[in-house]
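Read off the chains here:
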Amino acid sequence: MNSPTVKHEGWLYGLAFLIAIAFRFIALGASPLTDSEATLALQSLALSRGESPLLAPQSAYILFTAVLFAIMESANFLARFLPALAGSALVFVPYLFREKIHPRPALILAFLFAFDPGLVAISRQANGTMFAVTFLLFAWAMWVRKQLIPAGILAGLALLSGPSLWAGLLTLGITRLFIQSMKPTNTENQPLLENSETPIENPQSSIVNQESPISSLQSQFSNPPISQLPITNPQFLLSFIATLLLCGTLFFLAPNGLSAAIASIPAYFSGWVAQAGIPPWRMILTFVFYEPLGILLAALAIIRAARANGKRAKRLTIWLGTALLLAVFYRQPVTLAWVIVPLLALAALELSRVFETRREEYSEVGIVTLAILILLVYISFTISNLGLNPFSQPATLPLIGTVNNPPLAVLISSFAILLVCIALVALGWSARIARLGATIALTAYVSLYTLATAWGASGLRYPDGFELWMTDSKPVQAELLLASVKDISEFSLGHDQSQPVLVVGIDSPALEWVLRNHSVKVVSALDPQTSPPLFITPVMDNPGLPAAYRGQDFTWRAQPQWEITQSTDWISWLVFRKLPAESETIILWARDDLFPDARSSGQP
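Calculation notes
- Residues numbered from 1 in each chain as written.
- Predicted model: local features only at pLDDT ≥ 70, side-chain atom pairs only at ≥ 80, totals over all residues.
- Heavy atoms only, no water.
- Helix = DSSP H or I, 4+ residues; strand = E, 2+ residues; numbered from the N terminus.
- Buried < 20%, exposed > 50% of the residue type's maximum accessible area, 1.4 Å probe, protein only.
- Contact = heavy atoms within 4.5 Å.
- Areas by Shrake-Rupley, 256 points an atom, 1.4 Å probe, with all protein chains shown as cover.
- 1 Å grid on protein atoms, 1.4 Å probe; cavity = no way out; pocket = protein on both sides within 12 Å on 5 of 7 lines; lining within 4 Å.
- Points joined across faces, edges and corners; volume = space filled by probe spheres on them.
- Nonpolar A, V, L, I, M, F, W, Y, C, P; charged D, E, K, R; others polar.
- Polar contact = N/O pair within 3.5 Å; in protein donor to acceptor, adjacent residues only side chain to side chain.
- Salt bridge = Lys/Arg side-chain N within 4 Å of Asp/Glu carboxyl O.
- pLDDT = per-residue confidence, 0-100.
- Phe/Tyr/Trp six-rings, centres within 6.5 Å; stacked < 30°, edge-to-face > 60°.
- Lys NZ or Arg CZ within 6 Å of the ring centre and 35° of its normal.
- Expected span 1.5 Å × (residues − 1).
- Pairing = 2+ DSSP bridges.
- Axes fitted to C-alpha atoms, helices over the stretch in contact; angles between N-to-C directions.

Caption draft 1: How the structure looks around the overall build of the protein. Tallying secondary structure elements over the protein gives 26 helices and 7 strands in all. Per-residue burial over the protein gives 50% buried out of 604 residues. The contacts in the protein between residues at least 6 apart in sequence include a share of 76% that link residues at least 24 apart. Accessible surface, the protein as shown: approximately 28,000 Å² in total, 65% of it carbon and sulfur.

Laid out in structure tokens, this is it:
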């Protein structure tokens, strides 16, 4: 299992990269930017136009995206291009740690990174979170491999990535403190992913693998712990400072980018006391709904580590628990990215040894696996039926009697039958056959669910659905609004981008982004003495201006009503990504003389 090489390893990492690209780049610009995404994209657009806006503390995203906008044109696809590219490159991180976690688990981890729903969702957001995760993990890998110049460059880029970096560093720092406190006082410092063999890492051996004193000394001198390498190394420092100065200022074209990077420290810690954020229970639901495969396999790995004293799995468990606690109480879904990394590392370790079936057990395990899969598919259809008909009429079921919600009763009965079948197999054949069959069936089923969830997290399955990774909602009719503005502009002036647009009393950077190719001015109230050609307001009956206007309403944002959401609504969300929502309506007002029919009839 832990062989030094894997056949066609390079090609397999390339396949993982292609899968990651597919999930992250297909229809990347189809959905409009949210307000939080548009805030950063507008700053990049202003830089590309030669302006000097006040930058948010995510310098890497803003500055590098501004280069794309300057070279090509501003678009939703380009606004999300670099985070998606960084998320795709994350699949190569396990290769750099292959000596620590062994080639096969590292390759499995690369594929888990490629289609993980949480990483897919974060990679398709226009912000610096994925920059922070990718650059920090690459910097750590280069540091472990003693390639200090690349480590310095990547560490500099990580520092420019924004507040998410400090969430990762705080998680790793607390994890290291826990690990150090659990060690004997005479034990040397070791990295989080120590390259030590234990029974959990090599289940094919029944004897604990112990190093001789000579080999132990050789490993210490040939591969010293990371803590023994001085951080004041001139190669590391020079590359780190040069990256900050050059990339943080966009080669001195945007000097305030460096100060924005430093501002990421107070920006992160202010998030602990800020009122904005989602409740901890929604953070836990996000984790559970999007990461069932990682949770299943990581739970098995943790149980195995507790029984066999697996050091590496225990370190990853501490990392996972620390990251999960910090993310839940920080109340921002993007911080769950630091939970996903150790979760999938544990899952990869377990998945590399879960299929340890002997040849003589193939038929029994296959029968059990097939039977459990059939039951799981039936349970899926039952859940879908609940999503379609959450309030069914009472009915009389055999052996049960009258029930108020027949689909729910059928669902509970299906789970009971599943547990009884596993218990009968364990009693009739063997507990090993029942365990292997249940594990393989659950892994296959949850893997399919994970693929479907990753596709849904990309926004391709339900474009108007609600994904828990987004803290703000997407504009609903952005394309329709823009098309109306373009049509009116072309009718009146002969060019679809020539008319200016006034935004009145609406705080929505996403609206400014949609109208970015027009001259947009945002004001708090209308001047009653003016008659602008086009303006957008909240719902009102009459603008009360001297000229006559025509208005058209659009649904702009739809915000889920979490306070009235019930358990049946969550089943509907699980199947169709639909929740009770409250819509925000805005009105586009156009002066009457802009329309061809008004001009032909001679109206003023």
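Caption draft 2: Here's a closer look at the environment of L68. Looking at the element boundaries, L68 is found in helix 3 (residues 59-71). Given a relative accessible area of 14%, L68 falls into the buried group. The sequence separation of L68 and A79 amounts to 11 residues, and the corresponding C-alpha distance is 8.5 Å.

Caption draft 3: Here's a closer look at unusual backbone geometry. With a phi angle near 50 degrees, A27 is a residue other than glycine that sits in the positive phi range. Of note, A27 is situated in the loop between helix 1 (9-25) and helix 2 (35-48). Located in the positive-phi region is F251, a residue other than glycine, with phi close to 55 degrees. By the element assignment, F251 lies in the loop between helix 13 (234-247) and helix 14 (256-262).

Caption draft 4: View of empty space enclosed by the protein. Summed over the entire model, instances satisfying the criterion amount to 4 cavities of 30 Å³ or more. In this model, the second largest cavity occupies a volume close to 50 Å³. Considering the residues around the second largest cavity, the lining is formed by A167, T171, Y268, A323, L326, A327, Y330, T335 and W338. Listing elements by their share of the lining of the second largest cavity, those giving two or more residues are helix 11 (164-182) and helix 18 (311-330). It is helix 18 that contributes the most residues to the lining of the second largest cavity, 4 residues altogether. Of the residues that constitute the lining of the second largest cavity, the class distribution is 7 nonpolar, 2 polar and no charged.

Caption draft 5: View of the side chain of S123. Within the secondary structure layout, S123 lies in helix 8 (residues 117-123). The class for S123 is buried, based on a relative accessible area of 0%. Side-chain polar atoms of S123 contact the side chain of R24, separated by 3.2 Å. Leaving out residues up to four positions away in the same chain, S123 has contacts with R24, R80, P83, A84, G87 and M130.

Caption draft 6: Examining the pattern of salt bridges more closely. A complete count under the given rule lists 9 salt bridges for this structure. For D35, the salt bridge is made with R557, and the minimal N-O distance between the two is 2.4 Å. Taken together, the residues D35 in helix 2 and R557 in strand 6 (residues 549-560) connect sequence positions 522 residues apart. Given a relative accessible area of 16%, R557 falls into the buried group. Of the charged contacts in the structure, one is a salt bridge between R304 and E350, with a shortest N-O distance of 3.0 Å. Of the two residues, R304 sits in helix 17 (residues 292-308) while E350 sits in helix 19 (residues 337-354), which places them 46 residues apart along the sequence. Just as R304 is buried, E350 falls in that class too. Salt bridges linked by common partners bring D35, R557 and E584 together as one network.

Caption draft 7: View of the confidence of the model for the protein. Chain-level statistics for the protein give a pLDDT mean of 84 and a share of 87% at 70 or above. Confidence, read as mean pLDDT per element, is least for helix 12 (residues 213-222) in the protein (35) and greatest for helix 4 (residues 76-89) (96).

Caption draft 8: Quick look at the packing of aromatic side chains. Following the criterion strictly, the structure yields 25 aromatic pairs and no others. Judged by centre distance (5.2 Å) and plane angle (40 degrees), the ring pair of F17 and F92 falls under tilted. Taken together, the residues F17 in helix 1 and F92 in the loop between helix 4 and helix 5 (93-96) connect sequence positions 75 residues apart. Ring centres of F69 and W513 lie 5.8 Å apart, and the angle between their planes is 35 degrees; this geometry places the pair in the tilted category. In this pair, F69 is assigned in helix 3 and W513 in helix 24 (residues 509-514), connecting sequence segments 444 residues apart. The class of F69 is buried, set by a relative accessible area of 4%. Taken together, the aromatic side chains of W281, F289, Y290, W469, W562, W570 and W573 make up a single cluster linked through ring pairs. Above the ring of F595, the side-chain terminus of R550 is found at 4.4 Å from the ring centroid. In this arrangement the basic side chain of R577 is found over the ring face of W573, its NZ or CZ atom lying 4.0 Å from the centre.

Caption draft 9: Summary view of helix 11. When the terminal C-alpha atoms of helix 11 are compared, their 28 Å separation across 19 residues agrees well with the 27 Å that a helix rising 1.5 Å per residue should span. If you check which residues of helix 11 are buried, you get S164, L165, W166, A167, G168, T171, L172, T175 and I179.

Caption draft 10: Seen up close, the environment of T286. With respect to the element layout, T286 can be found in helix 16 (residues 280-290). When the C-alpha positions of T286 and E467 are compared, they lie 8.9 Å apart, and in sequence the two are 181 residues distant. Apart from residues lying up to four places away in sequence, T286 is in contact with L336, L468 and W469.

Caption draft 11: Broad picture of the pairing of strand 7 (residues 581-591). In this structure, strand 5 (residues 534-538) lies alongside strand 7, joined through 5 bridges in antiparallel fashion. Bridging from a neighbouring strand, P538 pairs with I586 of strand 7. Here strand 6 runs beside strand 7; their pairing, made up of 11 bridges, is antiparallel. Counted as the bridge partner of F554 is I586 from strand 7.

Caption draft 12: The sheet that holds strand 4 (residues 520-523), seen in detail. Strand order in the open sheet made by the 5 strands is 4-3-5-7-6, with mixed pairing throughout. The outermost strands of the open sheet, each flanked by one partner alone, are strand 4 and strand 6. For this sheet, the mean inter-axis angle between neighbouring strands, taken without regard to orientation, is 20 degrees. The pairing of strand 3 (residues 501-504) with strand 5 spans 2 bridges and is classified as parallel.

Caption draft 13: Spotlight on helix 21 (residues 406-428). Along its 23 residues, helix 21 runs 32 Å from first to last C-alpha, staying within 8% of the 33 Å computed at 1.5 Å per residue. Here helix 21 has its buried residues at P406, P407, A409, L411, S414, L418 and V425.

Caption draft 14: Up close: the environment of F289. Topologically, F289 is positioned in helix 16. For F289, a relative accessible area of 18% puts it in the buried group. The spatial distance from the C-alpha of F289 to the C-alpha of P117 is 9.6 Å, given a sequence separation of 172 residues. Those residues in contact with F289 that sit more than four places away from it in its chain are Y449, T453, L468, W570, W573 and L574.

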